[in-house]
Every structure is written in structure tokens, then in C-alpha cells.
Amino acid sequence: MEIERINDNTVKFYISYGDIEDRGFDREEIWYNRERSEELFWEMMDEVHQEEDFTIEGPLWIQVQALDKGLEVLVTRAQVSKDGQKFELPIPEDKLKDLPVDEKIEEFLDEHFQIKQDQEDEDGALEFTIKFRDFEDVISLSKQISSLSYEHMMSKLFSYNNTYYIYVEFSDEHFEEEDVDNLLSIMLEYGDETPITVHRLQEYGNKILDENVFITIEKHFD
């Protein structure tokens, strides 16, 4: 997959149909199977996030162009206006009219991704999802985190596409910003932050632990 960073809020990437098939997707199903289309999109965005540090924040504006040998996708993060009343796209109008769109895929992506992503809940809690290449990394992290004895940290463990994910949530009531930064920095020593949401993992992944992930793992793998 070829990735091009346009600016701070926009990234463009191209993926060939051959690459799509190498990832385990059928060329036809990405047009007609919504679940598989969404799965492919998040897999591509995860790769973009890793290579370009492009984090999904808020609504997304997405343009998809179907080419002879693959797909070209332009993703832009919307920005909140100064008064906080609306979202704005940092793309000049003259650029918008020159971008061709495949209506079928755009309709699907609009439905799923051009809405505000649920990165923060109503109580102002901070949410993160960390993915791990190996379960041994989950065990090592659990031993270190559990020794810190942090209470009130919500955590869930999932498996999805042969990868392990831990979702953590920090409430404003119990955690200072410095505490969150310290814990997150420890977690990122063993895994990588990913834009995949807990809602997606709950729907398509397998839930292994619904609470107290670090304490439970440390207890059973001492």
C-alpha cells in the first residue's frame, strides 16, 4: 500500500486489488459486503496510523476513487470551528470539485465513518485501544501495570484477526492527566495504539476479559 501525507489533517493512500486479495479480501466483496469493507478500511487506516502517525479524531471526510488496478482513498479529519458549533473541512473548495468519487463505496463510508467517532464518552473519560503482536507482551505489561495498583481503570481484553487488543478508559474523576500519560507510556512499551474502537471490537472480535485485565492476567500467569 502506498501512503502519501498531504497535510496535518489529510492523508491519501493507494492499494492495489492484488494487495487487497493478499490481505485475505475478495475483490468483489469489498463492494457488496459492508462488514468486510469496514474491516478492510480499518486495517488500512491502522497501517496509515502506524506509518504516518495519523490519528482518527472526530468526523472523517472520505473520498474513494476506483481505478483500473486498485483503490485510491483520501481521508481528511474535520476540525471543530472556533465556536464549537460545527465541523469544518480544511480543504479548499477548488480542490474538492476536482476529486472524483465512487458513489457506492462513498455511500457506505459516509454511513459508517463520516460521523463523530466515539473517542470520549459523555463523562469526559479518555479512551485508548492498544494492540499487541504477541500475548507474551500482554503478560509482561500486566505484571508491570498490576504492580502499580491503579484502581478505577476500566480495561477489557479482546482478540481480533489473530491480534490481541486491550481497551482502557480513564475517568476524569479518578485520574490526573499526568497519571494517564505515565500509564499510556508504559503500555506503549509493549504495544501500539490503534484507532480501532471498542465498539468495533465488541461487534467483530472475541471478548476474553470484560474487566480487571491486568490484575487477572498477572494472577493467572505469575
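Note that the structure is predicted; figures quoted are calculated from it, not measured. (Residues numbered from 1 in each chain as written. Predicted model: local features only at pLDDT ≥ 70, side-chain atom pairs only at ≥ 80, totals over all residues. Heavy atoms only, no water.)

Pairing in this open sheet of 5 strands is antiparallel, and the strands run β10-β7-β9-β8-β11 from one edge to the other. Taken across any chain shown, the strands that pair with only one partner, and hence form the sheet edges, are β10 (192-193) and β11 (206-209). As paired strands, strand β7 (residues 126-132) and strand β9 (residues 163-170) are joined by 7 bridges and run antiparallel to one another. Directly across from Thr129, in β9, lies its bridge partner Tyr167. (Pairing = 2+ DSSP bridges. Helix = DSSP H or I, 4+ residues; strand = E, 2+ residues; numbered from the N terminus.)

Of all hydrophobic cores here, the largest spans 22 residues; its most connected members are Met153, Ile166, Phe170, Met187 and Phe214. Contributions of two or more residues to this core are made by β7, α6 (135-146), β9, α7 (177-187) and α9 (213-220). Here the element with the most residues in this core is α7; it accounts for 5 residues. Val11, Tyr17, Ile20 and Val73 belong to the second-largest nonpolar core, a separate cluster that totals 21 residues. (Core = buried A, V, L, I, M, F, W, Y, C linked by side-chain atoms within 4.5 Å. Buried < 20%, exposed > 50% of the residue type's maximum accessible area, 1.4 Å probe, protein only.)

Another point: the packing of α6 against α9. Between α6 and α9, the shortest axis-to-axis distance is 8 Å and the interhelical angle comes to 105 degrees. Judged on the interaxial angle alone, α9 and α6 are roughly perpendicular. In this structure, α6 uses Phe135, Val138, Ile139, Leu141, Ser142, Lys143, Ile145 and Ser146 to contact α9, whose residues at the interface are Val213, Phe214, Ile215, Ile217 and Glu218. Across the contact of α6 with α9, the residue classes break down as 9 nonpolar, 2 polar and 2 charged. (Axes fitted to C-alpha atoms, helices over the stretch in contact; angles between N-to-C directions. Parallel < 35°, antiparallel > 145°, perpendicular 65-115°, else oblique. Contact = heavy atoms within 4.5 Å. Nonpolar A, V, L, I, M, F, W, Y, C, P; charged D, E, K, R; others polar.)

The next subject is the confidence of the model for the protein. Across the protein, pLDDT averages 77, with 75% of residues at or above 70. Contacts of residues 91-123 to residues separated by more than four positions or lying in other chains number 68 contacts, the stretch itself having pLDDT below 50. (pLDDT = per-residue confidence, 0-100.)

Another aspect to go through is the pattern of salt bridges. Using the criterion set out here, one finds 9 salt bridges in the structure. Close ionic contact of Lys12 with Glu4 constitutes a salt bridge, the shortest N to O distance being 3.7 Å. According to the relative accessible area criterion, Lys12 is partly exposed, its value standing at 24%. Looking at Glu4, the relative accessible area reads 41%, which means it is partly exposed. The partner of Arg133 in a salt bridge is Asp192, and the shortest N-O contact between them spans 3.2 Å. With Arg133 in the loop between β7 and α6 and Asp192 in strand β10, this residue pair connects regions lying 59 residues apart in the sequence. Judged by its relative accessible area of 72%, Arg133 is exposed. What emerges from the salt-bridge pattern is a single network uniting Asp19, Arg23, Glu43 and Glu47. (Salt bridge = Lys/Arg side-chain N within 4 Å of Asp/Glu carboxyl O.)

Another aspect to go through is the side chain of Thr10. Position of Thr10 among the secondary structure elements: in strand β2 (residues 10-16). Within the structure, the side chain of Thr10 is placed 3.0 Å from the side chain of Thr76, a separation counted as a polar contact. (Polar contact = N/O pair within 3.5 Å; in protein donor to acceptor, adjacent residues only side chain to side chain.)

Here we take up the environment of Asp8. With respect to the helices and strands, the residue Asp8 is situated in the loop between β1 (2-7) and β2. For Asp8 and Thr76, which are 68 residues apart along the polypeptide, the C-alpha to C-alpha distance reads 9.1 Å.

Moving on: unusual backbone geometry. Phi at Asp53 takes a positive value of approximately 55 degrees, unusual for a residue other than glycine. With respect to the helices, strands and loops of the structure, Asp53 is situated in the loop between α3 (34-52) and β3 (60-66). Judged by relative accessible area, Asp53 falls into the exposed class, the value being 57%. Of note, Asn161 is a non-glycine position whose phi angle comes to about 55 degrees, a positive value. With respect to the secondary-structure elements, Asn161 resides in the loop between β8 (154-160) and β9.

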